Amino acid sequence: MADHRQRQASLDDLGARIARARDAQKPAQRYSAGAMRGWELAIRLVLELVVGIAIGSGVGYGLDTLLGTLPAFLIVFGLLGFAAGVRVMIRSAEEASRRLASGGTDQAAKDGADQNGEA
């Protein structure tokens, strides 16, 4: 009976050593599940700006084509698209900053949206 307990203790010790070795081999998790990496955030911000400009310029070009005033609406709506893109970029950067400050949880983003009167 003592031999059985000794084997069990030995197996438990081996299991603990294997678990420690596995933990030592795991790469350190640098980001939480909800946090965005730097390059992901950069790509998102650039795309938001480019899409804003593209949509604004497209609407302006369409209006210019219909009305025959080629550069006027293209310039105006291109600038409006740029302004909208910058506004969306700022909001996204603030959201990422809140997530980073809260450790990557989505609760901080929800709290910030509630404070701004958004759902």
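Further up the page is the structure itself.
Just so you know, these numbers come straight off a predicted model, no measurement behind them.

### Examining helix α3 (residues 70-101)
Moving on, step 1. Here α3 contains 32 residues, and its C-alpha end-to-end distance of 47 Å stays within 8% of the 46 Å for a straight helix at 1.5 Å per residue.
Moving on, step 2. All of the buried residues along α3 are G78, G81, G85, S92, A96 and R99.
Moving on, step 3. Looking at the residues trailing α3, positive phi occurs at G103, about 85°.

### Some words on the packing of helix α2 (residues 38-67) against α3
Moving on, step 1. Across the interface, α2 lies against α3 with an axial gap of 7 Å and an inter-helix angle of 160°. Between α2 and α3, the interaxial angle falls into the category roughly antiparallel. The handedness of the crossing between α2 and α3 comes out as right-handed.
Moving on, step 2. For the contact of α2 with α3, the residue count by class is 20 nonpolar, 8 polar and 4 charged.

### Some remarks on the packing of aromatic side chains
Moving on, step 1. Under the counting rule described, the total for this entry stands at 1 aromatic pair.
Moving on, step 2. For the pair F73 and F77, a centre-to-centre distance of 6.2 Å together with 45° between the ring planes defines the contact as tilted. Here the residue F73 and the residue F77 both occupy positions in helix α3, the gap between them amounting to 4 residues, near one helical turn.
Moving on, step 3. With a relative accessible area of 29%, F73 lands in the partly exposed category.
Moving on, step 4. Overall, the relative accessible area of 24% leaves F77 in the partly exposed class.

Thresholds applied
- Residues numbered from 1 in each chain as written.
- Predicted model: local features only at pLDDT ≥ 70, side-chain atom pairs only at ≥ 80, totals over all residues.
- Heavy atoms only, no water.
- Helix = DSSP H or I, 4+ residues; strand = E, 2+ residues; numbered from the N terminus.
- Expected span 1.5 Å × (residues − 1).
- Buried < 20%, exposed > 50% of the residue type's maximum accessible area, 1.4 Å probe, protein only.
- Axes fitted to C-alpha atoms, helices over the stretch in contact; angles between N-to-C directions.
- Parallel < 35°, antiparallel > 145°, perpendicular 65-115°, else oblique.
- Left-handed = near helix turned anticlockwise from the far one by under 90°.
- Nonpolar A, V, L, I, M, F, W, Y, C, P; charged D, E, K, R; others polar.
- Phe/Tyr/Trp six-rings, centres within 6.5 Å; stacked < 30°, edge-to-face > 60°.

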